[in-house]
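# Summary of the model geometry
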Amino acid sequence: MTDTTAGTPAATDGGDPPDGSDFGVGEEGSDDPRIEFRGGKWASTLPLVFFIAWAIFQSGVLGIGDTNGLVVGALVGTTLGMFLVRGDWKAYADTIFEGMTQRVAATAIVAWLWAGMFAQTLQAGGFVEGLIFAADALNVGASTFPAAAFILCGLLATGIGTGYGATVAFVTLVFPAGVLIGANPVLLFAAILSGAVFGDNLAPVSDTTIVSAVTQDADIGGVVASRFKYAIAAAVPAFAAYLIAGSAMAGVSLEGAVALRESANALGLVHLLSMGVVIVTAVVGRHIVEAISWGLVVAVASNLLFGLSSASDIVAFTVTEAGALSGLPVVEVGETAGVGGSLYTGAVGFFPLIVLTLLIVAMAQIMIRGGGFEAIQTFLLDRVATTVRRAELTMVLGTATINGMITINTAAEIAIAPYVARIGEKFNINGYRRANILDANTSALGYIFPWAGGVLVGYQVMVGPDGLGSQYGPEMVVNPIEVVPYVFHGWFLVAIFIIAAITGFGREYIPDRASEEVSRA
Amino acid sequence: MSVFDKFLAGWSFRGSTPDYAAGDAIEVMVTGESDGGVHVARIGDSTLRIEGAPGDAVDTRVVVDVESWDESSHTGRATYRKTVGGSAF
């Protein structure tokens, strides 16, 4: 009795397999190390290890979530690594540039800039007031608000394909409404992060989904379909957990909450249309930039048409003296000259994170060029992954660990993808299965720890200039370390894959079925 | 495979030692070479010896005809048919 598909296997195109070069991986990983370190290959991990230690000390121990502080930590770590290089330091410096110019960094940056402008414009258009109205009208109370936020944020993230973007939108727009209604801020922030995990993991337009499929020689559609079972198996208990925890955890008391409730405005709900445009446009396969741009157009038009905001709330040029152009709707007279408005604030809010992203991918590249990654791979194949179960556990825990350490989950995913491919292939584990292990644990760990990019972008909305803290008070700011245990979907997703590796749930081998031709995004 | 089938694929608990039958034509990744120079595909914790594969077949995907299979030791013997791809990395 055979337990695989008998007969002729599905046809493959026989062409060159995808090498992941579109995402800056593959070719680099196969080259010999170009940088030699004093202390050997492991010394190439110093910049990243130093940065992680800095991030843990700053955000975990001291509770300081300042992204600019992490930028300095990355700069110091990168500089320290250079002192360990043997010979010419130029190769080290060149590798910094090489890492920074990888496409994965640009992909994340573009998504953040557009998502930031979009989310801020919806906020300027009274979307929060609309959600407060809806929550009251639908009788979504404080205890059920986190569970509802998990589902809604999951849907948005699945639609727009960026968990970071969905986190920004929901922390900006939905989080204040939930807290003002009486939901626990820590639980609500965690529920939003869980929704982001769900979408990042499942969305066909997600950067992590695309990377997971391309690097494991699998088609994106097949990967999404095959991972549905894992996502649902984690989401159902996560939803139940938010309902239970929502009832058990008390909210905070905010001065002015009653006044803000009175400002509830049904008209703000028009921005459900703006969000719908983004989701639908993305799901039908449009590029994320196009999808968010259409949503932005609808949001701006709605704001102006329904009087939800003025033109200067969206773009404002402030001059110090009145002149011929000061009559324009986007020109204002003020004490200090400058540019403002939702487009400006939304995009500029991400500048620190963008710089941090560039530095992290540079540090990862130093590790690849220095041989640190290769050393880890050899150790894993020779000592740890000696049976198929141990191989899958190694893939799960290795992906989770590297994502737990590296702030930006897509960068971490790209770093670990070659190991997952090589270890999996040594046991003929199917590309779909490998892609699912890679992406689920990447998505999950990218939104749990205080230094994770998903947590930081949400936190940035709370503490940034004109952030929630300055608008509503310190109760609207959540310490990122408090969120860790409550990102239920993330934890459950990791648990599902540990169980799947042990029991064989969902396991497929290469002979079982061939991937369709990979469709690159 | 239909879209519906794609969603249903893998809804099962799969063992670590998959078995095959003589006459199966399967696609596998060649994972190594034995001491005698015969190529080997490790599928989970099962082992398939492949005869007639090119010298550089390790880390390539090939289609093979399974000639025999021992379900007690989860090992088998197959004949190389053609190369269809390579490693993802």
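Residues numbered from 1 in each chain as written. Chains lettered and ligands numbered in written order. Predicted model: local features only at pLDDT ≥ 70, side-chain atom pairs only at ≥ 80, totals over all residues. Heavy atoms only, no water.

Chain B carries the name DUF7513 domain-containing protein in an unreviewed UniProt entry, which gives Halorubrum ezzemoulense DSM 17463 as its organism.

Under an unreviewed UniProt entry, the name given to chain A is Sodium:proton antiporter, and the source organism is Halorubrum ezzemoulense DSM 17463. The heading Sequence similarities (unreviewed entry) in the UniProt record of chain A holds the text "Belongs to the NhaC Na(+)/H(+) (TC 2.A.35) antiporter family." Recorded in UniProt for chain A, the comment headed Subcellular location (unreviewed entry) runs: "Cell membrane". (UniProt positions renumbered as here; feature names shortened; annotations may be inferred.)

## A word on the overall build of chain B
When helices and strands are counted, chain B shows one helix and six strands. Listing the helices and strands of chain B from first to last along the sequence gives α-β-β-β-β-β-β. Considering only intrachain contacts with a sequence separation of at least 6, the fraction spanning at least 24 residues in chain B is 52%. (Helix = DSSP H or I, 4+ residues; strand = E, 2+ residues; numbered from the N terminus. Contact = heavy atoms within 4.5 Å.)

## Description of the packing of helix α12 (residues 220-248) of chain A against helix α26 (residues 488-503) of chain A
All names here are of chain A. Running from amino to carboxyl end, α12 crosses α26 at an angle of 140 degrees, the nearest separation of the two axes being 8 Å. The orientation of α12 with respect to α26, classified from their angle, is oblique. Both α12 and α26 take part in a crossing whose hand is right-handed. Contacts between α12 and α26 involve Y230, A231, A233, A234, A235, P237, A238, A241, Y242 and A245 from the former and F488, H489, F492, L493, I496, F497 and A500 from the latter. (Axes fitted to C-alpha atoms, helices over the stretch in contact; angles between N-to-C directions. Parallel < 35°, antiparallel > 145°, perpendicular 65-115°, else oblique. Left-handed = near helix turned anticlockwise from the far one by under 90°.)

## A look at the pairing of strand β6 (residues 75-86) of chain B
All names here are of chain B. Both strand β4 (residues 46-51) and β6 contribute to a ladder of five bridges, which runs parallel. What sits directly across from I50, in β6, is A78. As paired strands, strand β5 (residues 60-70) and β6 are joined by ten bridges and run antiparallel to one another. What sits directly across from R61, in β6, is G85. Here β5 folds back onto β6 in antiparallel fashion, the turn holding four residues, of which H74 has a positive phi close to 55 degrees. (Pairing = 2+ DSSP bridges.)

## Things to note about the nonpolar core
Core analysis: the biggest nonpolar cluster contains 151 residues, and F175 and F189 of chain A together with L48 and I50 of chain B have the highest contact counts within it. Ranked by residue count, the leading element in this core is helix α10 (residues 185-202) of chain A, at twelve residues. Sequence-distant contacts of F189 of chain A, that is, excluding residues within four places in its chain, are made with V171, F175, V455, G458, Y459, M462, V478 and V483 of chain A. Ranked by size, the runner-up nonpolar core spans eight residues in total, among them A43, V85, I96 and A362 of chain A. (Core = buried A, V, L, I, M, F, W, Y, C linked by side-chain atoms within 4.5 Å. Buried < 20%, exposed > 50% of the residue type's maximum accessible area, 1.4 Å probe, protein only.)

## Quick word on unusual backbone geometry
One non-glycine residue with positive phi stands out, namely N428 of chain A, at about 55 degrees. For N428 of chain A, the position within the fold is in the loop between α21 (409-425) and α22 (431-445). Even without glycine at this site, D59 of chain B takes up a positive phi of about 70 degrees. Tracing the backbone through its elements, the reader meets D59 of chain B in the loop between β4 and β5. For D59 of chain B, a relative accessible area of 22% translates into the label partly exposed.

## Here we look at the pairing of strand β3 (residues 39-43) of chain B
All names here are of chain B. Counted residue by residue, β3 has four buried out of five residues, so it is predominantly covered. Across two bridges, strand β2 (residues 32-33) lies against β3 in antiparallel orientation. What sits directly across from E33, in β3, is H39. Hairpin remark: β2 followed by β3, antiparallel, with five residues in the connecting loop; positive phi at G37, about 85 degrees. With antiparallel pairing between neighbouring strands as the criterion, β3 and β4 make up a hairpin whose turn holds two residues, including G44 at a positive phi of roughly 60 degrees.

## So, the packing of aromatic side chains
Residues and elements named next belong to chain A. On inspection of all chains with the given rule, the structure shows 15 aromatic pairs over all chains. Relative to F505, the ring of Y230 has its centre 6.0 Å away and its plane inclined at 85 degrees; by these criteria the two rings are edge-to-face. With Y230 in helix α12 and F505 in the segment after α26, this pair connects stretches of sequence that are 275 residues apart. With respect to burial, Y230 and F505 carry one shared label: buried. Aromatic side chains Y486 and F488 sit 6.2 Å apart centroid to centroid with 85 degrees between the ring planes, which places their arrangement in the edge-to-face category. By relative accessible area, which is 13% here, F488 ends up buried. Clustering of aromatic rings is evident, with ring pairs tying together F150, Y242, Y486, F488 and F492. (Phe/Tyr/Trp six-rings, centres within 6.5 Å; stacked < 30°, edge-to-face > 60°.)

## Things to note about the sheet that holds strand β1 (residues 316-319) of chain A
Residues and elements named next belong to chain A. The strand order across the open sheet formed by three strands is β2-β1-β3, and the pairing between neighbours is mixed. The sheet is open, and its two borders are formed by β2 (331-333) and β3 (338-340), each paired with just one other strand. If you compare each strand with its neighbour and ignore which way they point, the axes differ by 30 degrees on average. Judged from the three bridges that link them, β1 and β3 form a sheet pairing that is antiparallel. Following the sheet pairing, T318 is matched in β3 by G338.

## What to know about the sheet that holds β5 of chain B
Residue and element names in this part refer to chain B. Pairing is mixed across the open sheet formed by six strands, whose spatial order is β1-β5-β6-β4-β3-β2. Among the strands making up the open sheet, the edge pair consists of β1 (25-29) and β2. With five bridges joining them, β1 and β5 adopt antiparallel strand pairing. Within the sheet, the bridge partner assigned to E27 lies in β5 and is V63.

## A closer look at a nonpolar patch on the surface
Residues and elements named next belong to chain A. Taken together, the side chains of I151, L152, L155, F239, L243 and I244 make up a nonpolar region of the molecular surface, amounting to roughly 540 Å² of accessible area. At the level of elements, α7 (145-160) and α12 are the ones that each hand at least two residues to the nonpolar patch. Looking at the secondary structure, you find I151 in helix α7. Given the relative accessible area of 38%, I151 is considered partly exposed. (Patch = residues over 30% accessible without salt bridge, like charges linked within 9 Å, V, L, I, M, F, W, Y side chains within 5 Å. Areas by Shrake-Rupley, 256 points an atom, 1.4 Å probe, with all protein chains shown as cover. Salt bridge = Lys/Arg side-chain N within 4 Å of Asp/Glu carboxyl O.)

## A closer look at the side chain of T208 of chain A
Residues and elements named next belong to chain A. For T208, the location among the structural elements is in helix α11 (residues 207-215). Only 3.0 Å separates the side chain of T208 from the backbone oxygen of D200, close enough to count as a polar contact. In this structure T208 touches D200, N409, T410, E413, D439, T442 and S443, once residues within four positions along its chain are discounted. (Polar contact = N/O pair within 3.5 Å; in protein donor to acceptor, adjacent residues only side chain to side chain.)

## What to know about α12 of chain A
Residue and element names in this part refer to chain A. Between its first and last C-alpha atoms α12 spans 40 Å; for 29 residues at 1.5 Å apiece the expected length is 42 Å, and the two agree. Of all the bends found along α12, the most pronounced is centred on F228 and spans about 35 degrees. Its side-chain oxygen at 2.7 Å from the backbone nitrogen of G222, D219 defines the N-terminal cap of α12. (Expected span 1.5 Å × (residues − 1). Bend = angle between axes of the 7 residues up to and from the residue.)

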